[in-house]
Amino acid sequence: MDTPVVHRRHFLIGAAGVAVASTVPGMGGLAFAQEAIGTQAPTTPLPDYASWKKPEAMIVHTELTLETRRPFIGTSSVVPSNILFVRNNLEPPDSAIVADADAWEVAFEGVAQPRTMTVRELKQLGIATVPTVLQCSGNGRGLFDHEASGSPWLTGAAGCVVWSGVPLRAVVDALGGVAEGARFVTNTGGEVIPEGIDANEVLVERSVPIENVDTIILAWEMNGEPVPLAHGGPLRVIVPGYYGVNNVKYVKRIAFTEAESEADIQQTGYRVRPVGESGAPDQPSMWQMKVKSWVTHPVVETPSGPIQIHGVAFGGINPVQRVEVSTDDGQSWQEAQLLDPDLGRYAWRSFVLPVELPSGTYSITSRATDSEGNVQEQTTEPNHRGYDYSGWDRLAVEVTVL
Ligand SMILES: Nc1nc2c(c(=O)[nH]1)N[C@H]1C(S)=C(S)[C@@H](COP(=O)(O)O)O[C@H]1N2
Ligand SMILES: [Mo]
């Protein structure tokens, strides 16, 4: 794609600027977004395990956190693997594990006949294909005013991906069913835990409610190829509609448990609470995602005349029902058209609104509604860790129509 020039804007000059200022106290988030959505040359090289990504499409926050630049998201629903974001809590395992992917072993516990199975054996039990939105809990963290620790993701810690693998239900049936009393599916990542630290502090082990047993798949294929190491190959848990962290990569243990995992990432991490409070197990866990959408084109500037405003929308566990677009900072809204294909309730849906805009500066944003009538929020109240900014106010883009 062409490389748009990123212009610094003077937020208080002009009518649109005033309107933005009224909904963006401090304006830090939006100003930051304006700089980072552009396609300026990358300054930090890609880490080795993700060197196959398209550098110009990625913001490299750290070696373990790579974000997709906003305008690189297209309208054909599926995000190509080479621009999909990456988020690791720990160093990924050695790439040798994907060289012989079928030999990877997973321990199944909390079933009538517990045992270890290889990917080769799992491939004999069944196959399902599910498009899902993979979104980090911290997507949008950079749009909050408070300085929550963690990567200041904008919109690009999310992507719609097609997964293939075995339905967990088929595995459970083959192993005699779930043990009595189980309330959670607890999945453990296959990273090597560094010596000398308490495993619970770093272990990537997440529990989700057992109801998900009928939608979870254990995926060995992503967008038509074996799941790459960066995205959790040889085998990854996919919990449709749930935040990224629940989609455990290089899964080595799947247990039906009475209690949630003891790991910090479950007990105190990924808990939604007011700014300044510590995480605790009685706070909401980052499980089901919220209804959300954002514009992906135009995002910086565009010629005047006919403009196809487009973006993506999803409803977590519910399908998207409608998307509205505003070009005047939320004062008026127009119904956008949802584009085909509809890849199902867990996928995102592209939308488009054709408009004609005279030269000037516009605050453009979108607002999605899901099939249950849940409407994307106008603003997201700060939460301590800066989880999932979904407000259409700060997801707006300031676009100069030339
Ligand atoms: N084993 C393991 N699984 C993991 C993680 C991890 O660090 N280790 N990170 C989680 C988080 S926080 C997110 S957002 C997603 C990111 O998936 P991706 O790197 O394929 O984009 O993986 C999740 N699964
Ligand atoms: Mo995440």
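Predicted, not measured: the structure shown is a model, and the values here were computed from it.

What counts as what
- Sequence order sets the numbering: in each chain, residues are counted from 1 along the sequence as written.
- For this description, chains carry letters from A and ligands carry numbers from 1, given in the order in which they are written.
- The predicted nature of this model means local features are confined to residues of pLDDT at least 70 and side-chain atom pairs, given and counted, to a pLDDT of 80 or more, with totals for whole chains, interfaces and linings taken over all residues.
- The basis for every side-chain value is the complete set of non-hydrogen atoms in the structure, without hydrogens or water.
- Two strands are counted as paired when DSSP detects at least two bridges linking them.
- Helix and strand definitions here come from DSSP, where helices need a minimum of 4 consecutive H or I residues and strands a minimum of 2 consecutive E residues; each element is numbered from the N-terminal end.
- Under this scheme, a helix contributes an axis fitted over its contacting stretch, all axes are lines through C-alpha atoms, and angles between N-to-C directions fall in the 0 to 180 degree range.
- With a 1.4 Å probe rolled over the protein chains alone, any residue whose accessible area is under 20% of its type maximum counts as buried; one over 50% counts as exposed, and the rest are partly exposed.
- A molecule or strand has a residue near it when one of that residue's heavy atoms lies within 4 Å.
- Under this definition, polar contacts are N or O atom pairs within 3.5 Å; protein pairs additionally need one hydrogen-donor-capable and one acceptor-capable atom, and for neighbouring residues in sequence, both atoms have to be side-chain atoms.
- The method behind every accessible area is Shrake-Rupley, applied with a 1.4 Å probe, and residues are considered shielded solely by the protein chains displayed.
- Between rings of Phe, Tyr and Trp, where Trp is taken as its six-membered ring, a pair exists when centres lie within 6.5 Å; planes separated by under 30 degrees are stacked, by over 60 edge-to-face, and by other angles tilted.
- Note on geometry: a ring has a charge over it if NZ (lysine) or CZ (arginine) is within 6 Å of the ring centre and within 35 degrees of the ring normal.

## What to know about the sheet that holds strand 4 (residues 105-109)
Then, number 1: Within the open sheet, the five strands sit side by side as 5-4-13-8-9. Their pairing is mixed. The open sheet is flanked by strand 5 (115-118) and strand 9 (205-209), the only strands paired with a single partner. Taking each pair of neighbouring strands and ignoring which way they run, the sheet shows an average axis angle of 20 degrees.
Then, number 2: Examined bridge by bridge, strand 8 (residues 184-189) and strand 13 (residues 251-257) share six bridges and lie antiparallel to one another. Within strand 13, the residue paired with threonine 186 across the bridge is alanine 255.

## As for the pairing of strand 10 (residues 217-222)
Then, number 1: Counting buried positions along strand 10 gives five out of six residues, so the element sits mostly inside the fold.
Then, number 2: Relative to strand 10, strand 7 (residues 158-167) is paired through five bridges, and the arrangement is antiparallel. Bridged to proline 167 within strand 10 is isoleucine 217.
Then, number 3: Bridge count between strand 10 and strand 12 (residues 236-238): three bridges; the pairing is antiparallel. Bridge assignment links isoleucine 217 to a residue of strand 12, and that residue is isoleucine 238.
Then, number 4: For strand 10 and strand 11 (residues 225-226), the ladder comprises two bridges, and the chain directions are antiparallel. The partner of glutamate 221 across the bridge, within strand 11, is proline 226.
Then, number 5: Count of turn residues in the strand 10/strand 11 antiparallel hairpin: two residues, of which asparagine 223 carries a positive phi of about 50 degrees.

## Topic: the sheet that holds strand 17 (residues 320-326)
Sheet strands line up and pair through hydrogen bonds in the backbone, either parallel or antiparallel.
Then, number 1: The strand order across the open sheet built from five strands is 15-22-21-17-18, with neighbouring strands paired in mixed fashion. This sheet does not close on itself; its edge strands, each paired only once, are strand 15 (301-302) and strand 18 (334-335).
Then, number 2: Note: strand 17 against strand 18, two bridges, orientation antiparallel. Directly across from valine 325, in strand 18, lies its bridge partner glutamine 334.

## Digging into the pairing of strand 22 (residues 397-401)
Note on strand geometry: in a regular strand, side chains alternate between the two faces of the sheet.
Then, number 1: Most of strand 22 is tucked away: four of the five residues are buried.
Then, number 2: Sheet topology places strand 15 next to strand 22; two bridges connect them, and they run parallel. Bridge pairing in strand 22 places glutamate 301 opposite threonine 400.
Then, number 3: Bridge analysis of strand 21 (residues 360-370) against strand 22 gives five bridges, and the strand direction is antiparallel. From the neighbouring strand, tyrosine 362 faces strand 22, where its bridge partner is valine 399.

## Structural notes on the site of ligand 1
Then, number 1: Ligand 1 sits among 20 residues. The nearest are Asn89, Glu191, His231, Arg236 and Lys249.
Then, number 2: Here asparagine 89 contributes a backbone N or O atom positioned 2.7 Å from an oxygen atom of ligand 1.
Then, number 3: Taking asparagine 247, its main chain carries an N or O atom lying 3.0 Å from a nitrogen atom of ligand 1.
Then, number 4: For ligand 1, whose accessible area on its own is 540 Å², the fraction buried by protein is 100%.

## What to know about the environment of glutamine 337
Then, number 1: The residue glutamine 337 is located in strand 19 (residues 337-338) in this model.
Then, number 2: The class of glutamine 337 is partly exposed, set by a relative accessible area of 48%.
Then, number 3: Distance in space between the C-alpha atoms of glutamine 337 and phenylalanine 351 is 5.4 Å, their sequence separation being 14 residues.

## Digging into the packing of aromatic side chains
Then, number 1: Scanning the entire structure with this criterion turns up eight aromatic pairs.
Then, number 2: Ring plane angle 75 degrees and centroid distance 4.9 Å describe the contact between phenylalanine 144 and tyrosine 389, whose orientation is recorded as edge-to-face. Here phenylalanine 144, found in the loop between strand 6 (128-135) and strand 7, pairs with tyrosine 389, found in the loop between strand 21 and strand 22; they are 245 residues apart in sequence, far enough to count as distant. Pair check on accessibility: phenylalanine 144 and tyrosine 389 agree, each one buried.
Then, number 3: With 5.6 Å between their ring centres and 15 degrees between their planes, tyrosine 270 and tyrosine 387 make a pair best called stacked. With a gap of 117 residues between them, tyrosine 270 in the loop between helix 7 (264-267) and strand 14 (292-297) and tyrosine 387 in the loop between strand 21 and strand 22 connect regions that are remote in the sequence.
Then, number 4: Classification of tyrosine 270 by relative accessible area gives buried; the value is 8%.
Then, number 5: By relative accessible area, which is 4% here, tyrosine 387 ends up buried.
Then, number 6: Lying over the aromatic face of tryptophan 333, arginine 367 brings its terminal NZ or CZ to 4.1 Å of the ring centre.

## Re the side chain of asparagine 212
Then, number 1: Within the fold, asparagine 212 resides in the loop between strand 9 and strand 10.
Then, number 2: The buried category is assigned to asparagine 212, whose relative accessible area is 7%.

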